[in-house]
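What the coordinates show
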Amino acid sequence: MFVGNGMDIFAMLQEAKGKCPKCGKELTFKSAANLAKSHDISENVVMCDSCNRVFEVNLVPGRMTLTNDVTSKYPQVKPGKSGGLFSKLFKKQA
């Protein structure tokens, strides 16, 4: 059970974090949703600022799960290239 007011829940949703299933970067719902909107995407999706992939999202207070990759639905989005020598040499190991 959650005790609080609507603004508490709203803040928890906005600050919910999740990992991009494509590149592994940690995203915050608010910034990832705003990035999608900045690319003229009005659906309820988020966009990774690292690999430029667009995902459907499951959101609960404090946690975000990125589900289906729907980047192909948005021709205005150009996915970033993954891999490359720099990425392989300097990628953070989990």
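Up top is the structure.
What this report covers is the structure whose coordinates are included nearby.

Basis of the calculations
Counting of residues starts from 1 at the beginning of each chain's written sequence and follows it residue by residue. With pLDDT at 70 or above as the cut-off, local features in this predicted model cover only qualifying residues; side-chain atom pairs require 80 or more to be listed or tallied, and sums for whole chains, interfaces and linings still use all residues. The side-chain figures draw on all heavy atoms in the structure; neither hydrogens nor water molecules are used. Only when DSSP finds a minimum of two bridges between them are two strands counted as paired. Secondary structure counts use DSSP, requiring at least four H or I residues in a row for a helix and at least two E residues in a row for a strand, with both numbered from the N terminus. Here the nonpolar core consists of buried residues drawn from Ala, Val, Leu, Ile, Met, Phe, Trp, Tyr and Cys, with membership extended through side-chain atoms lying within 4.5 Å. Using a 1.4 Å probe on the protein chains alone, a residue whose accessible area is under 20% of its type maximum counts as buried, one over 50% counts as exposed, and one in between counts as partly exposed. Contacts are residue-level and defined by heavy atoms, with any inter-residue pair within 4.5 Å sufficient.

**A few points about the pairing of strand β5 (residues 63-69)**
Strand direction decides the pairing type here: strand β4 (residues 54-60) and β5, joined by five bridges, are antiparallel. When the sheet's bridge partners are listed, Val60 is paired in β5 with Arg63.

**A word on the nonpolar core**
Cys20, Leu27, Phe29, Val46, Met64 and Leu66 are the most contacted members of the largest nonpolar core, which has 13 residues in total. When contributions to this core are tallied by element, the ones reaching two or more residues are α2 (29-38), β4 and β5. With three residues, α2 is the largest single contributor of residues to this core. When neighbours within four sequence positions are excluded, Phe29 is seen to be in contact with Leu13, Gln14, Ala16, Val46, Val57, Leu59 and Met64. Counting eight residues, the second largest nonpolar core, distinct from the first, contains Ala36, Val45, Met47 and Val54.

Coordinates in, geometry out; function isn't part of it.
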